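These are the residues of each chain, in order.
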Amino acid sequence: MHSDFTLFLRKHPSGKKVVFYYAYDEEGVRRGPWTTKCLNKTLARNYCHKLIRKGALIPDGRKPLTFAEYAEGFWERGSVYVENQESRAYISDSYMATSKSILEHQIMPFFGKVPLEKITSPDVNKWLLGFSKREARPEGGGKEPKRYKNTYANSAFRTLNVMLQEAVRRGLLQTNPCANVRRLKNDRKDIEILTVEEVQRLFPENYRAVWGGKEIAYAANRLASLTGMRAGEILGLRGEFVFDDYILVCGQYGQYGYKGHTKTRENRTIPVMPEMMALLRKLTEHNGRDFVFSLDGGVTPVSRNNLYMGLREALNKIGIDDAEIKRRGLTLHGWRHFLNTELQRLGLTVPQVQSVTGHRSDRMTEWYSHPDARQLEDVVKAQEAIAGISRPDEARETASGGTAGFRIVKRTDGGVSAIAG
């Protein structure tokens, strides 16, 4: 048995929170929502009781709820949808901002004035197919219009699907119009990763021959080539998380500043070969426990563009021009594709690779949550193979297959490390 009404808070773009209500008609069907114009639920409840006494809880002749009215404040912190989702999983600022932009620029112009209950599967399908005919806003202030890619159209479709599924959950729709619409075929551009030979030419012993004076861009890209760290994780690396033979990846830095967690909210320990550790220690001498890749003493990290421009110029230096960079899709994120491919080619297991790159999978096993010295050594050996560094095995390994000159030390973060001595 339903009560006569239910109340909920809705946050407006201005940040103001207002109480809305749903009401149930004689057949028990939920209607609304309607605003009470009240700022707290006590006043809103009194407002609704006054409407009941007047017999006006369900307004006569009210126009159907439009998609624009339903969507108001949907992608804001504190909205009904966000609060419901965040009770189960974290929603990042970047995801919220992207969804809000898609709503404003792609969904509202087509569905904003349409009554929510009148949106149909053919409407959604027509809208989705229309992306191939609509002109995308030129990038970087350019004048030449471009067509939207299917991958972007599918991303917009996912946003609309989330919103309409939420309308079903709230009882505003009986079914989700997106349910019977298929996504467009994938037209994501294939990435042609760098070869190991190209990578070794990119990072010569005398790095200045290729990178000039851009030591930070050089060190950051080399670390990415050996660890597959995301650009935000590279920028967010702090000196306090650089240890003797490994780094702890537990933060990221992006357009919303520093976040003390990774994209997946799972920290990971990555062993790093000695030459790379020497580079990191050199940077921490200047920046201490703060941001490693910084030009202001560790207060803030360098920009992502700083790392990319350094990479682009270095690629040009070894004979890969801008046209080929674009054709092959060579970006900072491409290091993740490169390392994932090379580690598996060099014989590391899928769980070992995932422990380095931070990819999630059901195949990630419990035993690798606490890698032993031999497993750490496998990663370092692979890094050295990628870097073209060769060391005699007998100088590294004991007869039993362990790591020469290393001992296993339990860390405060629950893992273990192979420490010299």
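Residues numbered from 1 in each chain as written. Predicted model: local features only at pLDDT ≥ 70, side-chain atom pairs only at ≥ 80, totals over all residues. Heavy atoms only, no water.

(A) Inspection of the sheet that holds strand β2 (residues 17–24) at higher detail. Spatial ordering of the open sheet is given by β1-β2-β3, a layout of 3 strands whose pairing is antiparallel. Taken across any chain shown, the strands that pair with only one partner, and hence form the sheet edges, are β1 (5–11) and β3 (30–38). The sheet shows a mean angle of 30° between the axes of neighbouring strands, direction not considered. In the sheet, β2 pairs with β3 via 5 bridges, with the strands oriented antiparallel. Across the sheet, Tyr 24 pairs through a bridge with Arg 30, a residue of β3. (Pairing = 2+ DSSP bridges. Helix = DSSP H or I, 4+ residues; strand = E, 2+ residues; numbered from the N terminus. Axes fitted to C-alpha atoms, helices over the stretch in contact; angles between N-to-C directions.)

(B) Quick peek at the pattern of salt bridges. Considering all chains together, one arrives at 21 salt bridges under this definition. In this structure, the salt-bridge partner of Glu 197 is Arg 201, at a minimum N-O distance of 2.6 Å. Taken together, the residues span about one helical turn, with Glu 197 and Arg 201 both in helix α7 (residues 196–202) at a distance of 4 residues. Residue Glu 197 is classed as partly exposed on the basis of its relative accessible area of 44%. Looking at Arg 201, the relative accessible area reads 35%, which means it is partly exposed. Three or more residues are tied together by salt bridges with common partners; here these are Glu 192, Glu 198, Glu 324, Arg 327 and Arg 328. (Salt bridge = Lys/Arg side-chain N within 4 Å of Asp/Glu carboxyl O. Buried < 20%, exposed > 50% of the residue type's maximum accessible area, 1.4 Å probe, protein only.)

(C) Molecular detail of the packing of aromatic side chains. Counting across every chain of the model gives 25 aromatic pairs. Taken together, a centroid distance of 5.9 Å and an interplanar angle of 55° make the contact between Phe 203 and Tyr 218 tilted. With a gap of 15 residues between them, Phe 203 in the loop between α7 and α8 (208–211) and Tyr 218 in helix α9 (residues 215–227) connect regions that are remote in the sequence. Classification of Phe 203 by relative accessible area gives buried; the value is 8%. When its relative accessible area of 4% is taken as the criterion, Tyr 218 is described as buried. (Phe/Tyr/Trp six-rings, centres within 6.5 Å; stacked < 30°, edge-to-face > 60°.)

(D) View of empty space enclosed by the protein. Tallied over the entire structure, the rule returns 5 cavities of 30 Å³ or more. When its volume is computed, the largest cavity comes out at roughly 80 Å³. Among the elements of the structure, α12 (304–317) and α14 (334–345) are those that each provide at least two residues to the lining of the largest cavity. The biggest single contributor to the lining of the largest cavity is α14, with 3 residues. (1 Å grid on protein atoms, 1.4 Å probe; cavity = no way out; pocket = protein on both sides within 12 Å on 5 of 7 lines; lining within 4 Å. Points joined across faces, edges and corners; volume = space filled by probe spheres on them.)

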